[in-house]
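Here's the letter readout for the chains.
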Amino acid sequence: MLIGLRRFITRRGLGGLLGKLFIGSIIVAVTAVFGAKWHIESKTRQLLDDAAAQVSLFGTLSYGKVTASLGGAIKVTNFSFRPSSQMGGDISPVIADLIAVDFGSFIDMVRAGQDVPRTMDISIEGVLVDFGSAGQMVSGNPAEALACGDIQRFEVVDLVDMGFPNPRTDMRLSYEIFPSAEKFSMRTEISTAGAASTAITADLMVPGLYQALRSKNPLGIGSTRAERITITSDAARFNQARNRLCAGKLASTEEEAVEANVEAFVAMVATLGWMPDAGAIDQYRSFVRGDGTWKFVAAPEIAVDLATLDRVDDVNWLAERFDLRAAVGAGEPQRVTFEKLGRVIVGADGTVRPVDDTVSVAQWVDVPLADIGGYVGRDLTLATRSGKRYIGRIIDVNASEVVIRAQLPGGVATVPLALTQIRAARSYEIVRTNAQQQE
């Protein structure tokens, strides 16, 4: 039958017509696809240009090339936002080699403006991070800089000194919505300078989420319940380098530097009125020593709602209801528990001492220009009269100039500044203040 049909088409002169129609259809489809691709690229550039105009009073937003792939990803290269001098000395530039948004398919990318994407993957690569003003952690451990001599937080210059010459960060956020199952899955990843990475994954049951997003009606979202939450921190390389650096500053062995940090961590938690169990302290010690990845797993038995938020101060209740477990390396995750304390601080060696009426807080402190000489070897933020800002470690100070090892857009460099150029100096310090005032 097929042979007869082909003969019929050939005899009637339809073969050439069908071929032309087929080729014409291909041309139309290709033109439509590349037309849509061009439209998406043009629209993305327009959005970026509009954003640049809106923030022009605060700084300069720039970018390089914008491309949309047939696989469904939009990519922007060489993105940067550089604050103007009117913003003051505390706002850092935002610099990234690449920003990419992947919608999963070309069709979903085209429809993104009209409908809620069921899946999305956002990645930001090669971010130049200013740890000084952002107050960020390298390893995901809020106590990583405790008991390390004069260091109060790790700066970019510290990472370079520790053997991580490319102090840049990669970030990724992805999600997927399963409308029929009313499930929302999310994953975030942060990797810093090849030294440490932290990942958080969460599977949430959110009734009505997809329809609420499509209708832009948040009241349509039901009570949220987390099925499983996992946090992993892989910071072995960073922690090992940290221990070498801190041992040098404390004139101690690396193991003694680890124990000093463990004791400071336990004291920090104790100021909140809780004492982690011995297993959790041992896990923390192993993590800081650099023995492996620290993994936290939670499989909550309760919904995350206002009733839950009312009991966030009851750590044991939360740990039990969320079935919080942790492990370092390949070990099986174990349940984490806490002991409620009075106003005491408990050291890693079991020493108990009363808490006084003051607490430690981190905040910006203005440094008189005449006192900069006392900050040699410490971190400062220097603002110049021309509007520039330098964040880094003070190397030397004499009667006429200050030498600072600072983070610059191209890397880390030693910069001499005349004292007459400096308008202000600030330090991010741990200070003691009255506990009642904090409350």
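The rules behind each value
- Residues numbered from 1 in each chain as written.
- Predicted model: local features only at pLDDT ≥ 70, side-chain atom pairs only at ≥ 80, totals over all residues.
- Heavy atoms only, no water.
- Salt bridge = Lys/Arg side-chain N within 4 Å of Asp/Glu carboxyl O.
- Helix = DSSP H or I, 4+ residues; strand = E, 2+ residues; numbered from the N terminus.
- Buried < 20%, exposed > 50% of the residue type's maximum accessible area, 1.4 Å probe, protein only.
- Expected span 1.5 Å × (residues − 1).
- Contact = heavy atoms within 4.5 Å.
- pLDDT = per-residue confidence, 0-100.
- Pairing = 2+ DSSP bridges.

Student: Which parts of the structure should I look at to understand the pattern of salt bridges?
Tutor: Where charged atoms from two side chains of opposite charge come close, those side chains can pair. Tallied over the full model, the rule gives nine salt bridges. Ionic pairing is found between Arg426 and Asp366, a salt bridge with its closest N-O pair at 3.3 Å. With Arg426 in strand E23 (residues 422-434) and Asp366 in strand E18 (residues 358-366), this pair connects stretches of sequence that are 60 residues apart. Here Arg426 falls in the partly exposed class, since its relative accessible area comes to 23%.

Student: I would appreciate a short explanation of helix H7 (residues 236-250) in the present structure.
Tutor: In an α-helix, one turn spans 3.6 residues, which is why side chains three or four residues apart end up on the same side. With 15 residues, H7 should reach 21 Å at 1.5 Å per residue; the first-to-last C-alpha distance of 21 Å fits that figure. For H7, the set of buried residues is Ala236, Phe238, Asn239, Ala241, Arg242, Asn243, Cys246 and Ala247. Contacts made by the buried residues of H7 are with helix H5 (156-161), strand E8 (196-205), strand E9 (224-234), helix H8 (254-270) and helix H9 (278-289). Two residues or fewer after H7 comes Ala251, characterised by a positive phi angle close to 55°.

Student: Would you mind going over the confidence of the model for the chain with me for this structure?
Tutor: The predicted structure's coordinates, where accompanied by low pLDDT, should not be read in detail. Mean pLDDT over the chain stands at 76; residues scoring 70 or higher make up 72%. Long-range and interchain partners of residues 343-348, a stretch whose pLDDT sits below 50, account for 28 contacts in this model, where long-range means more than four residues apart. With pLDDT under 50 throughout, residues 432-439 is counted as low confidence; its partners more than four residues away or in other chains account for 16 contacts.

Student: It is not clear to me how the pairing of strand E4 (residues 94-102) should be interpreted in this structure. Could you clarify?
Tutor: For a regular strand, side chains alternate in direction, first toward one face of the sheet and then toward the other. Summarising the sheet, strand E3 (residues 73-83) and E4 pair through eight bridges and their orientation is antiparallel. The residue of E4 that forms the bridge with Ser80 is Ile95. In terms of strand pairing, E4 meets strand E5 (residues 119-128) through six bridges, oriented antiparallel. Its bridge partner being in E5, Leu98 is matched across the sheet by Glu125.

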